[in-house]
Amino acid sequence: MSDNYQVIVVGAGPAGYVAAIRCAQLGLKTACIDAWLDEDGKPSPGGTCLNVGCIPSKALLESSEQYAHAREGLNDHGIAVGKVRLDLDVMMRRKQRVVRELTQGIAQLFRANGVTHVSGRAQLCADRKLVVRHGDRETTMSADNVILAPGSLPVRLPGIDIDGSHVVDSSGALAFDKVPKRLGIIGAGVIGLELGSVWRRLGATQVVLLEAQDSFLPVADEQVSKLALRSFTAQGLDIRLGSRVVSCKVTRGKVALRYQDGEGEHDATFDRLVVAVGRRPNTNDLASDTAGLLLDEWGVIHVDEQCRTNLPGVWAIGDAVRGPMLAHKGSEEGVMVAELIAGKVAHVDYDTIPSVVYTLPEIAWVGRSEQELRATGVAFRSGVFPFAASGRARAMGDTEGFIKVLADEKTDRVLGVHMIGPQVSELIAEAVVSMQLGGSAEDIALTVFAHPSLSESFHEAAMALHGRAIHISRPGRNKR
Ligand code: FAD
Ligand code: NAD
């Protein structure tokens, strides 16, 4: 194998493959080494995101939402349908087809851009040398620059064996062969809520989420989390806060759990159990001792603001470094590092990375929440507009939720935007652009939005911040 690469990227997830493509676009001779193999043992670039993360989960969220809508949401529109039947096998095959089309798309983009795709597991040694193992073959590669993008793995809980059939992690929960009647989920975070929603919609009669923390979705704005908890509970997600598992046993095809909360110990039995308690960097065997790569005690690769590790010419990006474990965050780091290697000026604005939870209602935010602003003593104004007052949301029959804009009391600069409701995974981009351009609530208020559209609610929330929203009768107190 040719040894004179300018850049070698380890990992072809959304951080690594984007870095590799951008490097190649900038004229750098680039290889990307990735270990992922599909069920047929074929290389499958795209990492967690494409293979067992963002994409298959969104395919199932979409399919399950359409199923639930066909069963319960059409009558109101005057559309009568016969008996709606679930074909889980077809749904799963569709999900895999979406995954395959996209992973093959990455391989095609590598070819089109001249990125050498190497299938195998790489280990970083001294002086930017990489030992690559594929089966019993071993090769050595080296480059002027190495970008580490090894991603992350699900956190395991002591005493809970992931057997892949009754007790699974998120990958297993994307591939059940039948709808579990009673589903237990440890962790009411993003994965627990998204996959719990999928299986509840597909017919699980009991979905219980055991969450260790006393507060629900504390990363979101409190007003949003409060409504989300109410809405998810009404949908049949049984969210038990302050609950810690004490023991877990699989007997005769059932999962018997004992857990503890403020009132003592309780027993629960499930057909399937999903463990979704966070992810950790996939860095165990990434570097040999001779490499000298600096990691913290959790395995997070130490990097500076621009993703340089402690080793010259070695960079690290994505889930394996500090910051939120989100595909788009890793991709932006990949672009930044490629441009820095090519001698350009580049940076990532970590203050404007959007977060989305793809439940129903969807949840999305960017910037700081009310509770964060209060805790840091920032004087701010808040404007809230409910979707119930939006003509488009009413026409759609999807009126739950609101948009909230938070802006600095003195400068009016937008500090955070929080949304819960229809299509907010798309609407949040408007807020990200406003914040990225240093916009004020007044700037949003002065912008013309199409009518009728959901995005008018963003306009109205910005106007509500100054007490002048048109479509709410009592804009209310908004100074904090
Ligand atoms: P990964 O995608 O994990 O890719 C790393 C790649 O590196 C893998 O292919 C791995 O095999 C390979 N690799 C690791 N070590 C080596 C090595 N030594 N040699 C060679 N190859 C190696 N994020 C979002 O933004 N939106 C979502 O909707 C979303 N949904 C998700 C749903 C689920 C169920 C899960 C589990 C995650 C979801 N995420 C989502 C998170 C998202 O998947 C990750 O943030 C993202 O994949 C991280 O990208 P990455 O490139 O850093 O790592
Ligand atoms: P998470 O951090 O979102 O949620 C994990 C939850 O488990 C937390 O609420 C935590 O308090 C709880 N927990 C931890 N230990 C526990 C225990 N012993 N018992 C009970 N509860 C416990 O993590 P996740 O849901 O596993 O997702 C992993 C990562 O993947 C997240 O960082 C997220 O950014 C990413 N992801 C993103 C999306 C998206 O962007 N829509 C979707 C899925 C995953």
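Quick notes on the rules
- Residues numbered from 1 in each chain as written.
- Chains lettered and ligands numbered in written order.
- Predicted model: local features only at pLDDT ≥ 70, side-chain atom pairs only at ≥ 80, totals over all residues.
- Heavy atoms only, no water.
- Helix = DSSP H or I, 4+ residues; strand = E, 2+ residues; numbered from the N terminus.
- Buried < 20%, exposed > 50% of the residue type's maximum accessible area, 1.4 Å probe, protein only.
- Near = heavy atom within 4 Å.
- Polar contact = N/O pair within 3.5 Å; in protein donor to acceptor, adjacent residues only side chain to side chain.
- Expected span 1.5 Å × (residues − 1).
- Arc of directions from axis to C-beta.
- Contact = heavy atoms within 4.5 Å.
- Salt bridge = Lys/Arg side-chain N within 4 Å of Asp/Glu carboxyl O.
- Areas by Shrake-Rupley, 256 points an atom, 1.4 Å probe, with all protein chains shown as cover.
- Axes fitted to C-alpha atoms, helices over the stretch in contact; angles between N-to-C directions.
- Parallel < 35°, antiparallel > 145°, perpendicular 65-115°, else oblique.
- Left-handed = near helix turned anticlockwise from the far one by under 90°.
- Nonpolar A, V, L, I, M, F, W, Y, C, P; charged D, E, K, R; others polar.
- Pairing = 2+ DSSP bridges.
- Phe/Tyr/Trp six-rings, centres within 6.5 Å; stacked < 30°, edge-to-face > 60°.
- Lys NZ or Arg CZ within 6 Å of the ring centre and 35° of its normal.

Colleague: Is there a simple way to explain unusual backbone geometry in this structure?
Modeller: Trans is the prevailing form of peptide bonds, just as negative phi is the prevailing case for residues other than glycine. Of note, the bond from leucine 360 into proline 361 is cis; its omega dihedral lies within 30 degrees of zero at 0 degrees. Mapped onto the elements of the fold, proline 361 is located in the loop between strand E18 (355-357) and strand E19 (362-367). Residue histidine 451 is joined to proline 452 through a cis peptide bond whose omega torsion reads -10 degrees. Positionally, proline 452 belongs in the loop between helix H12 (441-445) and helix H13 (456-464). Phi at aspartate 127 takes a positive value of approximately 55 degrees, unusual for a residue other than glycine. Within the secondary structure, aspartate 127 sits in the loop between strand E4 (121-124) and strand E5 (129-134). Phi at arginine 252 is positive, roughly 45 degrees, even though this residue is not glycine. Structurally, the position occupied by arginine 252 is in the loop between strand E12 (244-251) and strand E13 (254-261). Take arginine 252: its relative accessible area is 84%, and that puts it in the exposed class.

Colleague: Just to check I follow, could you spell out the site of ligand 1 for this structure?
Modeller: What surrounds ligand 1 is a group of 38 residues, the closest being Asp34, Thr48, Lys58, Ala122 and Asp319. At 2.7 Å, a side-chain N or O of lysine 58 approaches an oxygen atom of ligand 1. Note that an oxygen atom of ligand 1 is positioned 3.3 Å from one of the backbone N or O atoms of leucine 326. Those elements that provide at least two residues to the shell around ligand 1 are strand E2 (30-34), helix H2 (47-52), helix H3 (54-73), E4 and helix H8 (327-341).

Colleague: I tried to follow helix H11 (residues 424-436) on my own but got confused; where do I start?
Modeller: Residues that lie three or four places apart on an α-helix share one face, since the helix turns once every 3.6 residues. Taking 1.5 Å per residue as the helical rise, H11 with its 13 residues ought to reach 18 Å, and the 18 Å between its terminal C-alpha atoms agrees with that figure. Val424, Ser425, Leu427, Ile428, Ala431, Val432, Ser434 and Met435 are the residues of H11 that are buried. Projected down its long axis, H11 shows its buried positions confined to an angular sector of 160 degrees, all on one face. Against E18, E19, strand E21 (402-408), strand E22 (414-421), H12 and H13 lie the buried residues of H11. Of the residues one or two after H11, glycine 438 is the one with positive phi, at around 70 degrees.

Colleague: Would you mind showing me how to read the pattern of salt bridges here?
Modeller: Side-chain pairing between opposite charges can occur once the charged atoms of the two side chains come close. Scanning all chains against the criterion turns up 16 salt bridges. Measuring nitrogen to oxygen at the nearest pair gives 2.8 Å for the salt bridge that ties aspartate 238 to arginine 240. When the shortest N-O distance is used, the salt bridge between glutamate 333 and arginine 322 registers 2.9 Å. Residue glutamate 333 is found in helix H8, and its partner arginine 322 is found in the loop between strand E17 (314-316) and H8; the two are separated by eleven residues along the sequence. Its relative accessible area of 0% is what places glutamate 333 among the buried residues. On the accessibility criterion, arginine 322 (26% relative accessible area) is partly exposed. Residues joined by salt bridges that share partners form a network here, namely Asp221, Glu370, Arg374 and Lys404.

Colleague: Sorry if this is basic, but what is going on with the site of ligand 2 here?
Modeller: Close to ligand 2 lie 22 residues; Ile191, Glu194, Glu211, Gly278 and Val356 are nearest. One nitrogen or oxygen atom from the main chain of glycine 278 is found 2.8 Å from an oxygen atom belonging to ligand 2. Within the contact set of ligand 2, a nitrogen atom lies 2.7 Å away from a backbone nitrogen or oxygen of valine 356. Relative to its unbound accessible surface of 840 Å², ligand 2 loses 77% to contact with the protein.

Colleague: Any chance you could explain the packing of H3 against helix H4 (residues 88-113) here in plain terms?
Modeller: Pairs of packed helices are described in terms of their axes, by the angle between the two and the distance that separates them. Two elements in contact, H3 and H4, have axes whose closest approach is 9 Å; the angle formed by their N-to-C orientations is 140 degrees. In terms of axis orientation, H3 runs oblique to H4. Remark: the crossing between H3 and H4 carries right-handed chirality. Across from Ile55, Pro56, Ala59, Leu60, Ser63 and Ser64 in H3, the residues of H4 making contact are Met91, Met92, Arg94, Lys95, Val98, Val99 and Leu102. When the residues that make up the contact of H3 with H4 are grouped by side-chain class, the tally is nine nonpolar, two polar and two charged.

Colleague: What should I look at first to understand the sheet that holds strand E15 (residues 272-275) in this one?
Modeller: The strand order across the open sheet formed by five strands is E8-E15-E9-E10-E11, and the pairing between neighbours is parallel. Two strands close off the open sheet at either side, each with one partner strand: strand E8 (167-168) and strand E11 (237-240). The pairing of strand E9 (residues 182-186) with E15 spans four bridges and is parallel. Across the sheet, isoleucine 185 pairs through a bridge with valine 274, a residue of E15. In the packing of helix H6 (residues 190-201) onto the sheet, contacts are made with E9, strand E10 (206-210) and E11, and the angle to E11 comes to roughly 145 degrees.

Colleague: What's the story with the packing of aromatic side chains in this structure? I'm lost.
Modeller: Centre-to-centre distance and the angle between the planes together describe a pair of aromatic rings. Inspection of the entire model under this criterion finds three aromatic pairs. Considering the side-chain rings of phenylalanine 176 and tryptophan 199, the 5.2 Å spacing of their centres and the 55 degrees angle between planes classify their relative orientation as tilted. Placement of the pair is phenylalanine 176 in the loop between helix H5 (170-173) and E9 and tryptophan 199 in helix H6, with a sequence separation of 23 residues. Both rings, one in phenylalanine 216 and one in phenylalanine 232, keep their centres 6.2 Å apart while their planes meet at 80 degrees; by these two values the pair is edge-to-face. Within this pair, whereas phenylalanine 216 is found in the loop between E10 and helix H7 (222-234), its partner phenylalanine 232 is found in helix H7, the two being separated by 16 residues in sequence. Here phenylalanine 216 matches phenylalanine 232 in class, with each residue buried. Positioned above the aromatic ring of tyrosine 5 is the side chain of lysine 29, whose terminal nitrogen or guanidinium carbon lies 4.8 Å from the ring centre.

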